[in-house]
Amino acid sequence: MVAALPVTTALGQEIRVWAGDTGTGGVLFEEMAKSFEEANPGVDVVVEEVSYQTIVESLPVQLEAGEGPDIAIITDLGGLSRFYLDITEYVDADYFEQEWGQTLQWLRGGQQTDAIFGMPTTLTVNGAYVNLTLFEQAGVPVPEEGATWEEWAAAAKQVAEATGTEFAMEMDRSGHRFASLAISYGAEMVDEEGRPVIDDGLRAAIEQFVAWHQDGTMPMDLWGAVGGATHRELFSDFLNANVVFYFGGSWTLRQMDTEVGDLFDWAVVPTPCGPSSCTAMPGGGAMTAFAHTQHPELAGALINHYAQPENLDHYISTEVEIPSASSQIENGVEYPEASERTREALATFTAQIPKMADAAYRFQGWRFQRAMMNSLTTRISQVLNNELDIDAALTRIEEDVNLAIEAAGGQS
């Protein structure tokens, strides 16, 4: 068990924690904070549920101004690294290294340091959901493991046409989701020096993505209708049986389990293959403390509290997430409230982890990943709307990311 570290407290000390509003994360972290408050009289842990959009767009602005919560659960692990508080002295550092040695690197933003900046909460995996009922109604075989993106697109389109389903194939309006496709087509995304890579693999992926929109495999009004880098998850279309094949991720499993029920049969399928690999993108959240906090010792101690095995197990099993801690991965986690179908889906997601390309891990830990993902979303949408051709889009993507690097002082 993680050591409960002594904390010097005074009356009226408040720690604000931001948690996303998906699942039950905010409720769980508030619940788990009660024992921390009891052990530290005078401390008030305020857990606020905010939208993912707020964490992606508003939090960085507040942090730039030295404001915002003391702690937040974030997904832009490398991009926000300059705002983190080093909590090494406030946590059981040996335990953190033992459990999260690899993913702690993502929080260091490319720095050569052993500092601990937070606790990875979950590991997520991009992946594909398919409506098995629609495949059965259409009499179309479900593609087997090793099927290509093109084979899945053709099958989904055939099913949609046979069943009158509105959409054949969808992907979240997200540069992170698109990166799975791009890297499977051979895109490197970022080199070892931290500079953006614009290569034939990225070009091929954009060309294919645009072609699917042009031939009706993907709906033009989802990526094309929203401007800029706006993040848009399209999971509701799958929940409502309006799409055959949906590329999202493991974080929606609990919602699938509770909301679909017996409405239709569904499954998570192995990641489609590109010419280069069958990779998905790894991801996940991390609970980080920020340097502007007035209570650094308390913030670090609270994260140490959440890192205790019983709290980790409670969170992962209730949220039905893939664990990030080594001991949980090795020993397994019980999901008592999850259906057999969801446990099978978790196993499929987990089985994709060994297939992930080195480029996917490198891209996930890059400090300027968010800049490139935002540019991908913006520029691809401009291609779909005939505002740019693909050559111009690739040029703009490189320019966008280099401008972000220059704005940060040229340190990639």
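Residues numbered from 1 in each chain as written. Predicted model: local features only at pLDDT ≥ 70, side-chain atom pairs only at ≥ 80, totals over all residues. Heavy atoms only, no water.

### Some remarks on the domain arrangement of the protein
The extent of an interface is frequently quoted as the accessible surface area lost upon association of the parts.
Thought 1: Here the protein is partitioned into domain 1 (13–123 + 283–347) and domain 2 (125–281 + 356–408).
Thought 2: Between the C-alpha centres of domain 1 and domain 2 there is a distance of 27 Å.
Thought 3: Contact between domain 1 and domain 2 buries roughly 2200 Å² in total, counting both sides, with carbon and sulfur atoms accounting for 50%.
Thought 4: For the pair domain 1 and domain 2, the number of links is two salt bridges.
Thought 5: Between Arg370 and Asp76 there is a salt bridge, and its shortest N-O distance comes to 3.7 Å.
Thought 6: For the interface between domain 1 and domain 2, the tally reads four residue pairs in polar contact (both at pLDDT 80 or more).
Thought 7: Counting residues per element, the ones that place at least two in the side of domain 1 that touches domain 2 are α2 (52–64), α12 (309–319) and α14 (340–351).
Thought 8: Element by element, the count of residues in the side of domain 1 that touches domain 2 is highest for α14, at four residues.
Thought 9: Residues of the side of domain 1 that touches domain 2, tallied by class, amount to nine nonpolar, eleven polar and six charged. (Domains from an automatic or database assignment. Buried area = accessible area lost by both parts, 1.4 Å probe. Salt bridge = Lys/Arg side-chain N within 4 Å of Asp/Glu carboxyl O. Polar contact = N/O pair within 3.5 Å; in protein donor to acceptor, adjacent residues only side chain to side chain. Helix = DSSP H or I, 4+ residues; strand = E, 2+ residues; numbered from the N terminus. Nonpolar A, V, L, I, M, F, W, Y, C, P; charged D, E, K, R; others polar.)

### Focus on the pattern of salt bridges
Thought 1: Taken as a whole and assessed by the stated rule, the structure comprises 13 salt bridges.
Thought 2: In this structure, Glu97 and Arg108 form a salt bridge, with 2.9 Å as the shortest nitrogen-oxygen distance. Here Glu97 is found in helix α3 (residues 93–100), whereas its partner Arg108 is found in the loop between α3 and β4 (118–120), with eleven residues between them in sequence.
Thought 3: Owing to a relative accessible area of 31%, Glu97 belongs among the partly exposed residues under this scheme.
Thought 4: The class of Arg108 is buried, set by a relative accessible area of 1%. (Buried < 20%, exposed > 50% of the residue type's maximum accessible area, 1.4 Å probe, protein only.)

### Some points on helix α11 (residues 296–306)
For an α-helix the count is 3.6 residues per turn, leaving residues at separations of three or four pointing the same way.
Thought 1: Where burial is concerned, most of α11 is hidden: nine out of the eleven residues are buried.
Thought 2: Where α11 is concerned, the buried positions are Leu298, Ala299, Gly300, Ala301, Leu302, Ile303, Asn304, His305 and Tyr306.

### A closer look at the environment of Arg367
Thought 1: One can find Arg367 in the loop between α15 (358–364) and α16 (369–384).
Thought 2: Taking relative accessible area as the criterion, Arg367 reaches 18% and is therefore assigned buried.
Thought 3: For the pair Arg367 and Gly110, spaced 257 residues apart in the sequence, the C-alpha separation amounts to 6.8 Å.

### With respect to the nonpolar core
Thought 1: Phe96, Trp266 and Tyr306 are the most contacted members of the largest nonpolar core, which has 81 residues in total.
Thought 2: Per element, the largest residue contribution to this core is six residues, and it comes from α11.
Thought 3: In this structure, this core is formed jointly by two domains, domain 1 (13–123 + 283–347) and domain 2 (125–281 + 356–408), each of which donates at least three residues.
Thought 4: Core analysis: the next-biggest nonpolar cluster, separate from the first, contains 57 residues, Ala128, Ile206, Trp223 and Phe368 among them. (Core = buried A, V, L, I, M, F, W, Y, C linked by side-chain atoms within 4.5 Å.)

### Looking at the packing of helix α7 (residues 200–214) against helix α17 (residues 390–407)
Each pair of packed helices gets described by two things: the angle between the helix axes and the distance between those axes.
Thought 1: Running from amino to carboxyl end, α7 crosses α17 at an angle of 130°, the nearest separation of the two axes being 11 Å. With respect to each other, α7 and α17 are oriented oblique. Crossing handedness for the pair α7 and α17: right-handed. Here α7 contributes Leu202, Arg203, Ile206 and Glu207 to the contact with α17, which in turn contributes Ile390, Asp391, Leu394 and Ile397. (Axes fitted to C-alpha atoms, helices over the stretch in contact; angles between N-to-C directions. Parallel < 35°, antiparallel > 145°, perpendicular 65-115°, else oblique. Left-handed = near helix turned anticlockwise from the far one by under 90°. Contact = heavy atoms within 4.5 Å.)

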